[in-house]
Amino acid sequence: MIRSTTAAAFEPWISCRQLGPKTRLRLFCFPYAGAGALIFRTWSDGLPADVEVCPVQLPGRGTRLMERPFTQLSPLIEALAQALVPFLDKPFAFFGHSLGALVSFELARRVRRQYGVHPLRLFVSAGRAPQIPHRGPRIHTLPDKEFLMELRRLNGTPSELLGHEELMEIMLPVLRADFALYETYLYSTEPPLNCPITAFGGLQDHRVSDSDLEAWSAQTSVSFSKRMFPGDHFFLKQPLLLRVLSQELQ
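Below or above, wherever it landed, is the structure these notes cover. (Residues numbered from 1 in each chain as written. Predicted model: local features only at pLDDT ≥ 70, side-chain atom pairs only at ≥ 80, totals over all residues. Heavy atoms only, no water.)

## What about the environment of L120?
Stated precisely, the cut-off is as follows: For helices the rule is a DSSP run of H or I covering at least 4 residues; for strands it is a run of E covering at least 2, with both sets numbered from the N terminus onward. Contacts between residues were defined by any pair of non-hydrogen atoms, one from each residue, lying within 4.5 Å.
Residue position: L120 is located in the loop between α3 (99–115) and β4 (121–125). Sequence separation of L120 and L249 is 129 residues, and the distance between their C-alpha atoms is 9.4 Å. Beyond its immediate sequence surroundings of up to four residues, L120 is in contact with L25, P91, F92, C195 and P196.

Quick look at the structure:
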């Protein structure tokens, strides 16, 4: 049985949380590689008032900068399940972008398997379906110079951060760890989730194709839908995304 707990126990995994007077649903948001909960800090303003936005803060960034980041997905999912399950006493949904899509998917499977609960809906954004093997080279083990070149090519890390030597010394271990989570992931077959899945993609995203998104349909026994947005892999910043998400959550 899942029991509710105090807001203080949300720390340190949840950041920028805004409590509403009448929460109907909790939306847990999982960031892309190298990012923290801060990217979701304004989402409460663009979503229905009865949706409690819960941005997930992973170790190694933001308020958890001094903590060692996870480099393997399974231990991360185990830690997340233990930390968040007390807050699954209300209806909830998961949203994950890129690496966050994979994290949210595996977490949904873990809480189903371990606690017998499931999200009302899983939103996977800019992420290939988990059964599709990783394509391309593994970059998390590259020397610093080559690793930074790949980060520039992927266009997900702000150029001002890449050009700041002292900040990059702090961020490189986190970025390497996040890429290791994704690049060492091994998919295992389980029954499809019994919640709807909605996949979001960027029309100019050359990293995640239309077929990569369509393949998520195999991971649900209920319903699947897909929505494409103008932009590349980081269309996440578009206001249109929140408008569509609001409609989906009504």
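More follows now that the structure is in view.
## Here we look at the packing of aromatic side chains
Stated formally: Centres within 6.5 Å are what make two rings of Phe, Tyr or Trp a pair, Trp counting through its six-membered ring; a difference in plane orientation under 30 degrees is then read as stacked, over 60 as edge-to-face, and the rest as tilted. Exposure classes here rest on a 1.4 Å probe applied to the protein chains alone. A residue is buried below 20% of its type maximum, exposed above 50%, and partly exposed in between. Placement of a charge over a ring requires the Lys NZ or Arg CZ to be within 6 Å of the ring centre, with the centre-to-atom vector within 35 degrees of the ring normal.
Counted by the stated rule, this structure contains 14 aromatic pairs. A centroid spacing of 5.0 Å and a plane angle of 65° characterise the contact between W43 and F95, whose relative ring orientation is edge-to-face. One end of the pair, W43, is in helix α1 (residues 43–46); the other, F95, is in strand β3 (residues 92–97), with 52 residues separating them in the sequence. Ring centres of F123 and F200 lie 6.0 Å apart, and the angle between their planes is 20°; on these two criteria the pair is classed as stacked. Pair noted here: F123 is in strand β4 and F200 is in strand β5 (residues 197–202), with a separation of 77 residues, a long-range link. A residue is classified by how much of its surface remains accessible, and F200, at 0% relative accessible area, is buried. Pairwise contacts between aromatic rings join F40, W43, F95, F123, F200, F229 and F235 into one cluster. The side chain of R64 reaches across the aromatic face of W13, ending 4.1 Å from its centre.

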